[in-house]
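Listed here are the chains, written in short residue letters.
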Amino acid sequence: MIKNLNVALIGNPNTGKTSVFNALTGLNQKVGNYPGITVEKKQGSCRLDRVTKAKILDLPGTYSLNASSIDESVVVELLLNKNDPDFPDVAVVVTDVENLKRNLLLFTQIKDLEIPTVLVINMADQMRRKGIKIELEKLEKKLNTNLVLVSTRLNSGVEKLKQILIDYKSISTLPILDPNTIDQDYFENLGKAFPNQSLYKLWMVITQDVNFTRLERQKVPDSTQFKTQPKSYLKKLQQREIIKRYQTINQILKETYSVNREEATDLRSKLDNLFIHKFWGYVIFFLILLIIFQVIFDWSSVPMDFIDSSFAHVSEWTKTLMPSGILTDLISEGVIPGLGGIVIFIPQIAFLFLFISILEETGYMSRVVFLMDRGLRKFGLSGKSVVPLISGTACAIPAVMATRNIEDWKERLITILVVPFTTCSARLPVFMILISLVIPNDRLLGINYQGLTLMGLYLIGFLMALVSASILNRFLKLPNKSYFVVEMPNYKLPLLKNVAITVWEKTRSFVVEAGKIILAISILLWFMASFGPGEKFSNAEQIVTQQYENEAFEGLELENKIASFKLENSYIGILGKTIEPMILPLGYDWKIGIALITSFAAREVFIGALATIYSVEREAEETIKKRMAGETRNDGSRLFNLPTGISLMLFYAFAMQCMSTLAIVKKETNSWKWPSIQLFSMTVIAYLSALIAYQILK
Amino acid sequence: MFPLDQLVIGQKAVIESIKTDFLPLKLIEMGCLPGNEISLLYSAPYRDPLYLKIDEAHLAIRKEVAKYIMVKPLMDD
Ligand SMILES: Nc1nc2c(ncn2[C@@H]2O[C@H](COP(=O)(O)OP(=O)(O)OP(=O)(O)O)[C@@H](O)[C@H]2O)c(=O)[nH]1
Ligand SMILES: [Mg+2]
């Protein structure tokens, strides 16, 4: 028989929970979401010994159990809900040896919930350098817990942690603080109203929404029944609780913990003098960004070319292997290029996440937040919007999720609303092919026009984000609380394992999520292009043959004419034709219209859609780019000329063409109002700028 | 005694009182409590935000919040 036990890793942000998690589980992990919300849920398993298996849960960082954000409320809800399948048998509180005092605040709260609690003091490798000494046995006794000194960097202490987990039944669950000492009257009354219940648990349930309101509060049982005191009073009590806890902790640490400041070498101030210098700090940040973008485009090109040609081979190969027909076309011309269109971005996405996770792991990102806060506040954003804006160049979905640590709701909402303007990697394939079609591959003073255009598109995206942010800032009437607190962590060398796992996870989920949509759309598109209503579609062959009776068309040419006619009268063709009058002033024909419509689900579909449309229409074996170049208007001129190309690029730069982003915005803002506004206004902006550009240039 | 945002960079002080209604609880949890030592380490341009060391914690807050923290400077000795 194998015993299963639930272990939850809890701790302040940045104390190394995820590192401990990685050390325990390796690659045996699964990242999902908590139902209904987008907080990442990381679960993994670890074999403790022959008969015991632990299910490990990595929880988001929290400073205390007084939740003030959605991330934090996840932790509280889990700990208060005994019926949750993930309810921990053991709580492992991960702390940072350098900030032990502050970390113990959370530890004492969790211990008071009477859950078996293990104290992990992480980053033990830092003790010598920082001159820290701890009397471990005494501390263990005073806190009435089991304590392990761990360094995930040196991989020490992890085995001992496993041993303690196996023997979790022997961990004491005695509370540390008596709630009556916070406010005698209040807690006595509470005890009378609810006899036989843990006072502290009751208190936690009551104060759930003092600092943070979530709609799904009913998840916590019994929480709505008692409303004894106004919020301001409860907040006072919460503060008193914190003060009491700190008193207890200070007392304990005075006897067990010492820091010799002399021994501490001060890397922090040396690096801070440079990185947050009022002038050089900005220069350095700008240079880092420049290097990141340079590398993303330069280093990625080799693997990208490789992926590109591999997919072309696979596509050819399916064509020769499968019986020819429209299904083969779907696979070889729709699905495979469509999937290729995602896979090709793996190198760029992976590089971007690599850099972001290194910047975060080293502690540099907080310095950027500090530097940029005031400037961004002018636009209604926060210093913390920097991370979403940078991540947005990979994909808006993780970017929207990264806004979660912005405390102020107005600043957070504005960030969420403008982030989709940044040029995400799904726009790249569209931009690349359009640029190569309409912008000459020439150089002026050594600068390549095509590269310059691409850079311009990135800049336009950022500018549009800032401009719309300040407009929103003007017109959104929301209270602005300015609760901006950023911890400035120590500088650290990044842990390679953490970086690798982050990059792997983020990239994988991007490919899977985007892949599903692309596949679904290519199949839908194929159906809509292969079937149509009424006479015209079913009798296409007759009609066309009659029409060209007198002209001497060869077999292939006639077939093409028939296919064209069929497409025009298929469901998708009718749809494209219907919107044609609307998009004609932008310089598009009905086939581009089809690509446009399908791109509203995901913009990277654009090329796949055109590939499917053109291959349904013709049989010739050409690359998609050649086909696009060969498309003509009624007057015989090229369809993809400069005005149309620019107009399309602007449309794709500004339009909100991503279902997944809309879905995530809905989740994060808890209403359809904001994604609808986003969809509507971004489409209008896209349409107008494309219209103006085309009308001026044509 | 004066508000924290008037502290000189590099200066150390002791927190005298806080206007709790205007401070996020998180700040209090990080050790922003009367009696604790506080020092202003750096500031961004225009003295906003402020980079502080409170007790053991290194953190940054905005000037408008700093106004609600009253401090008494420690004499250098
Ligand atoms: N020196 C040292 N650094 C460590 C150790 N464990 C983790 N770190 C570093 O501490 C930082 C935070 O680690 P994470 O594991 O991401 O911390 P976390 O608690 O999961 O952080 P959040 O999820 O943001 O709350 C990273 O830069 C790690 O490289 C350790 O034992 N020694
Ligand atoms: Mg983590």
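On a predicted model such as this, the values are computed, not experimentally measured, just so you know.

> I would appreciate a short explanation of the site of ligand 1 in the present structure.
Residue and element names in this part refer to chain A. The full set close to ligand 1 counts 19 residues, and Lys 17, Thr 18, Ser 19, Asp 125 and Thr 152 are the nearest of them. At 2.6 Å from an oxygen atom of ligand 1 is found a side-chain nitrogen or oxygen belonging to Ser 19. When the residues that make up the shell around ligand 1 are grouped by side-chain class, the tally is three nonpolar, eleven polar and five charged.

> Even after reading the chapter, I still don't get the pairing of strand β6 (residues 69-73) of chain B, so can you show me in this structure?
If a strand is regular, its side chains alternate between the two faces of the sheet. Residue and element names in this part refer to chain B. Where burial is concerned, most of β6 is hidden: four out of the five residues are buried. As defined by bridge partners, strand β1 (residues 2-3) adjoins β6 across two bridges and the pair is classed as antiparallel. Counted as the bridge partner of Phe 2 is Val 71 from β6. Bridge analysis of strand β2 (residues 12-18) against β6 gives five bridges, and the strand direction is antiparallel.

> Hey, could you run me through the interface of chain A and chain B in this one?
Accessible area lost on assembly of the parts is the figure often given for the size of an interface. Opposite the 42 residues of chain A that make contact, chain B presents 33 residues. Summing both partners gives a buried area of about 3400 Å² for chain A against chain B, and 57% of it is carried by carbon and sulfur. It is Phe370(A), Arg374(A) and Val485(A) in chain A that bury the most area against chain B; as a group they hold 18% of the surface buried on that side. At the junction of chain A with chain B, the criterion picks out six salt bridges. At the junction of chain A and chain B, the tally comes to 16 residue pairs in polar contact (both at pLDDT 80 or more). Broken down by secondary-structure element, the contributors of at least two residues to the side of chain A that touches chain B are α3 (100-111), α9 (231-256), α10 (267-275), α14 (364-377) and β12 (485-487) of chain A.

> Teacher, can you tell me more about the packing of aromatic side chains here?
Describing an aromatic ring pair means giving the distance of the ring centres and the angle of the ring planes. Residue and element names in this part refer to chain A. Counted according to the given criterion, the structure contains 13 aromatic pairs over all chains. Ring centres 5.0 Å apart and planes at 70 degrees place the aromatic pair Phe 275 and Tyr 364 in the edge-to-face group. With Phe 275 in helix α10 and Tyr 364 in helix α14, this residue pair connects regions lying 89 residues apart in the sequence. Taken together, the aromatic side chains of Tyr 186, Phe 187, Trp 203 and Tyr 233 make up a single cluster linked through ring pairs. The positively charged end of Lys 384 is found above the aromatic ring belonging to Phe 484, 5.7 Å away from the centroid.

> Mind showing me how you'd approach the packing of helix α1 (residues 17-25) of chain A against helix α20 (residues 496-530) of chain A here?
A pair of packed helices is captured by two measures, namely the crossing angle of their axes and the spacing between those axes. Residues and elements named next belong to chain A. In the contact formed by α1 and α20, the axes pass within 10 Å of each other and the chain directions differ by 85 degrees. Between α1 and α20, the interaxial angle falls into the category roughly perpendicular. Residues Ser 19, Asn 22 and Ala 23 of α1 form the contact with α20, whose participating residues are Lys 497, Asn 498 and Ile 501. Classifying every residue of the contact of α1 with α20 gives two nonpolar, three polar and one charged.

> I tried to follow the state of the cysteines on my own but got confused; where do I start?
Simply put, the disulfide is a covalent bond whose two ends are the sulfur atoms of two cysteines. This structure, assessed with the given rule, holds zero disulfides over all chains. Unpaired in this structure, Cys395(A) has its nearest cysteine sulfur neighbour in Cys424(A), at a distance of 6.4 Å.

> Which parts of the structure should I look at to understand the side chain of Asn498(A)?
All names here are of chain A. Relative to the helices and strands, Asn 498 resides in helix α20. Asn 498 sits in the buried class, given a relative accessible area of 7%. A polar side-chain atom of Asn 498 sits 3.2 Å from a polar atom in the side chain of Glu 361. When residues no more than four places from it in sequence are discounted, the contact partners of Asn 498 are Ser 19, Asn 22 and Glu 361.

> In this structure, what is going on with the domain arrangement of chain A? I would like to understand it.
Residues and elements named next belong to chain A. According to the domain assignment, chain A contains domain 1 (1-265), domain 2 (280-475) and domain 3 (510-697). Taken over C-alpha atoms, the centre of domain 2 sits 23 Å from the centre of domain 3. With both chains or domains summed, domain 2 and domain 3 bury close to 4300 Å², and 79% of this area falls on carbon and sulfur atoms. Of the charged contacts in the structure, one is a salt bridge between Glu 668 and Arg 412, with a shortest N-O distance of 2.4 Å. Where domain 2 meets domain 3, there are six residue pairs in polar contact (both at pLDDT 80 or more). Sorting the residues of the side of domain 2 that touches domain 3 by element identifies α11 (280-321), α12 (326-343), α13 (346-362), α16 (396-401), α17 (409-418), α18 (427-438) and α19 (449-475) as the ones contributing at least two each.

> When you look at the pattern of salt bridges in this model, what are you seeing that I'm missing?
Between side chains of opposite charge, pairing is possible as soon as their charged atoms come close. For the structure on display, the rule yields 20 salt bridges over all chains. The residue Lys142(A) makes a salt bridge to Glu255(A) at a minimum N-O spacing of 3.1 Å. Taken as a pair, Lys142(A) in helix α5 (residues 136-143) and Glu255(A) in helix α9 lie far apart in primary sequence, 113 residues in all. Looking at Lys142(A), the relative accessible area reads 39%, which means it is partly exposed. In this structure Glu255(A) comes out as partly exposed when scored by relative accessible area, which is 35%. Ionic pairing is found between Arg62(B) and Glu411(A), a salt bridge with its closest N-O pair at 2.9 Å. With one member in each of two chains, Arg62(B) in the loop between β5 (57-61) and α2 (63-66) and Glu411(A) in helix α17 form a pair that bridges those chains. You'll find Arg62(B) and Glu411(A) in the same group, each marked buried. One continuous salt-bridge network, built from bridges that share partners, spans Asp373(A), Arg374(A), Arg377(A), Glu411(A), Asp48(B), Arg62(B) and Glu64(B).

> I keep staring at the sheet that holds strand β3 (residues 37-43) of chain B and nothing clicks. Help me out?
Working definition: the strands of a sheet are paired by backbone hydrogen bonds and lie parallel or antiparallel to each other. As summarised here, the arrangement of the seven strands in space is β12(A)-β5(B)-β4(B)-β3(B)-β2(B)-β6(B)-β1(B), forming an open sheet in which the pairing is antiparallel. What marks the edges here is a single partner per strand, and that holds for β12 of chain A together with β1 of chain B. In terms of strand pairing, β3(B) meets strand β4 (residues 50-54) of chain B through five bridges, oriented antiparallel. Bridge pairing links Ile38(B) to Ile54(B) in β4(B).

> It is not clear to me how a nonpolar patch on the surface should be interpreted in this structure. Could you clarify?
Residue and element names in this part refer to chain A. A cluster of nonpolar side chains, contributed by Phe 680, Val 684, Leu 688, Ile 692, Ile 696 and Leu 697, occupies part of the molecular surface with about 590 Å² of accessible area. Inspection of the secondary structure assignment puts Leu 697 in helix α30 (residues 673-697). Relative accessible area serves as the criterion here: at 40%, Leu 697 is assigned to the partly exposed category.

Criteria and cut-off values
- Counting starts from 1 at the beginning of each chain's written sequence and moves along it residue by residue.
- Lettering of chains starts at A and numbering of ligands starts at 1, both following the order in which they are written.
- Two thresholds apply to this predicted model, a pLDDT of at least 70 for residue-level local features and 80 or more for giving and counting side-chain atom pairs, whereas whole-chain, interface and lining totals are computed over all residues.
- With hydrogens and water set aside, each side-chain value is computed from the structure's full complement of heavy atoms.
- For each residue, the test is whether any non-hydrogen atom lies within 4 Å of the molecule or strand; if one does, the residue is near.
- Throughout this description, a polar contact denotes any pair of N or O atoms lying within 3.5 Å of each other; where both atoms belong to protein, one of them has to be capable of donating a hydrogen while the other can accept it, and for residues adjacent in sequence the pair is counted only when both atoms sit in side chains.
- Ten residue types, Ala, Val, Leu, Ile, Met, Phe, Trp, Tyr, Cys and Pro, are classed as nonpolar, four, Asp, Glu, Lys and Arg, as charged, and the remainder, Gly among them, as polar.
- Only protein chains enter the calculation, and the probe is 1.4 Å; a residue is then buried if its accessible area is under 20% of its type maximum, exposed if over 50%, and partly exposed in between.
- In DSSP terms, a helix is any run of H or I states spanning at least four residues, a strand is any run of E spanning at least two, and both are numbered starting from the N terminus.
- Any two strands with at least two DSSP bridges between them are considered paired.
- The contact rule is simple, with two residues in contact once any of their heavy atoms fall within 4.5 Å.
- Accessible area that two parts lose when put together, evaluated with a 1.4 Å probe and summed over both, is termed the buried area.
- Salt bridges are defined as contacts in which a side-chain nitrogen from Lys or Arg sits within 4 Å of a carboxyl oxygen from Asp or Glu.
- Each pair of aromatic rings taken from Phe, Tyr and Trp, with Trp reduced to its six-membered ring, is defined by centres within 6.5 Å and is described as stacked if the planes are under 30 degrees apart, edge-to-face if over 60, and tilted in the remaining cases.
- Here, over-ring charges are defined by two tests on the NZ atom of lysine or the CZ atom of arginine: distance to the ring centre within 6 Å, and angle to the ring normal within 35 degrees.
- Structural elements are reduced to axes, namely lines fitted to C-alpha atoms, with helices fitted over the stretch in contact, and the angle between N-to-C directions of any two is expressed from 0 to 180 degrees.
- These descriptions rest on fixed angle ranges, namely under 35 degrees for roughly parallel, over 145 for roughly antiparallel, 65 to 115 for roughly perpendicular, and the rest for oblique.
- Disulfide: a pair of cysteine sulfur atoms within 2.5 Å of each other.
- Reported domain spans reflect what an automatic or database domain assignment gives.
- Surface patches are drawn from residues lacking salt bridges whose relative accessible area is over 30%; two like charges belong together within 9 Å, two nonpolar side chains (Val, Leu, Ile, Met, Phe, Trp, Tyr) within 5 Å.
- Per-residue and other accessible areas follow the Shrake-Rupley method at a 1.4 Å probe size, with only the shown protein chains counted as cover for residues.

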